[in-house]
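Secondary and tertiary structure notes
The residues making up each chain are set out below.
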Amino acid sequence: MLGCMLQSRPTAPSNSDRSRGAPARQRRVWRISSAGSLRNLKLVTETLPPPAPGEAQVRVHAVGLNFADIFACQGLYSATPKGPFVPGLEAAGTIEAIGAGVVTRHVGERVMVLTRFGGYADAMNVPEATLWPMPSDWSFAQAAAYPVQALTAWYGIERLGNARKDSIVLVQSAAGGVGLQALQALHSLEAKPIAVVGSESKRQWLIAERGLAPEAIVVRKALYPAKLDAALQHYRASGFDVVFDAVYGDAFQPAFDRLAPEGRYVLFGAADFMGRGARPNPLRLLSNWLRRPKLDPLAMIPLNRGLLAFNLIWLWEQAARLPESMRATLALIPSPPHIGARFAFERAIDAMKLLQGGRTTGKVVLELPVD
Ligand SMILES: NC(=O)c1ccc[n+]([C@@H]2O[C@H](COP(=O)([O-])OP(=O)(O)OC[C@H]3O[C@@H](n4cnc5c(N)ncnc54)[C@H](OP(=O)(O)O)[C@@H]3O)[C@@H](O)[C@H]2O)c1
């Protein structure tokens, strides 16, 4: 149904005269003067020009937060723009104007936005190809929470990980934004999840809210390797078919050692490098860097194991592939995401600090008035 919805063209009136006469408008954005510290992030008012040809202007009602936003503001994310920038990779809102040549979207339409930075804004101009119609029964918060983390889960679990029915799949940070979407993907595929989390409270949350078997949830602390073995025993399995990991650090080697032959380790982040302060702690970074796990590719040959790594930024630079990727994602994960925390747009820094603390479940969103 969602696939059909994405293919259908809106019954829009002619686009010929919409935005050409649209005036520039004022907007509020969270802009950082330069990457390095969250303290450099300020709420400012600036002028937004009318949408250029091929663009739509979206009034934003909700912004989805990602762990990458914090890495970007701290200067630890390789894709971060040089100089001042507005963080934020996704949002949802209403189209207020369209530029010349826009044919698939119309004014008044409710859309999800995938944007390469620029998401922490109450209005933005974005290329037509980066907009998707919102499922009609989703809230703006749910729609803003969906694109990045669902695409990440689809790409890592199904496309790269090749998880299938009955695959044994370890998901790190399983109660987080990407993690819950990964569990949804595994549910659709009828695969067997082993969820790893950082605290007992998250373990209890997954049992109560997601109905996961207690034996299949591991708290990544003392006796982590033995707990992984016990979780495998729950499924009478001897190894993981897929590991989906954005924690890295000490979490890596015990999971890699338990990959089954033909198993695929999908690595897509290093949350373990994150500190608690506004700016990165150089000593912690250096220590984590020196202690980082290292693999010998030759040693992988007799073990028949593989390591794959990805950054979603690469995927959305492949503009021609994005519509198909989003369709596949919505087919695999058709339900709305879980919102764990909501903040007013003006409290973006509080929201980022909460996410940075590592105790959130599901998605953190910023909300703006809809009226
Ligand atoms: N490569 C890509 O394209 C891509 C795309 C999207 C996301 N990601 C990565 O995927 C991961 C999840 O992203 P998300 O936005 O959904 O965030 P999230 O999972 O909602 O939050 C991050 C989680 O990381 C875990 N964590 C481990 N070490 C930590 C530390 N030192 N400080 C804070 N948290 C720590 C915590 O969960 P537990 O303690 O329960 O594990 C925390 O809740 C992030 O690492 C992100 O960078 C990568």
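See above for the structure.
Only a predicted model underlies this, so the values are computations on that prediction, with no experimental measurement involved.

Things to note about the site of the ligand
Ser 173, Gly 198, Arg 220, Phe 268 and Leu 312 are the nearest of the 26 residues found near the ligand. Within the backbone of Phe 67, an N or O atom sits 3.0 Å from an oxygen atom of the ligand. Measuring from an oxygen atom of the ligand, one finds a backbone N or O atom of Val 178 at 2.8 Å. Burial of the ligand by the surrounding chains reaches 92%, relative to a free accessible area of 890 Å². When contributions to the shell around the ligand are tallied by element, the ones reaching two or more residues are helix H4 (147-160), helix H5 (177-189) and helix H13 (348-356). Considered class by class, the residues forming the shell around the ligand number 10 nonpolar, 11 polar and 5 charged.

Description of the pairing of strand E8 (residues 168-171)
Burial of E8 is two-sided: the residues Ile 168 and Leu 170 facing one way and the residues Val 169 and Val 171 facing the other way are all buried. The sheet contact formed by E8 and strand E9 (residues 192-197) spans 4 bridges and is parallel. Following the sheet pairing, Leu 170 is matched in E9 by Ile 194. Crossover handedness for the path E8 to H5 to E9: right-handed. Examined bridge by bridge, E8 and strand E11 (residues 240-245) share 3 bridges and lie parallel to one another. Bridging across to E11, Val 169 finds its partner in Val 242.

Rules used in this analysis
Residues numbered from 1 in each chain as written. Predicted model: local features only at pLDDT ≥ 70, side-chain atom pairs only at ≥ 80, totals over all residues. Heavy atoms only, no water. Near = heavy atom within 4 Å. Polar contact = N/O pair within 3.5 Å; in protein donor to acceptor, adjacent residues only side chain to side chain. Areas by Shrake-Rupley, 256 points an atom, 1.4 Å probe, with all protein chains shown as cover. Helix = DSSP H or I, 4+ residues; strand = E, 2+ residues; numbered from the N terminus. Nonpolar A, V, L, I, M, F, W, Y, C, P; charged D, E, K, R; others polar. Buried < 20%, exposed > 50% of the residue type's maximum accessible area, 1.4 Å probe, protein only. Pairing = 2+ DSSP bridges. Right-handed = clockwise from strand over helix to strand, strands pointing away.

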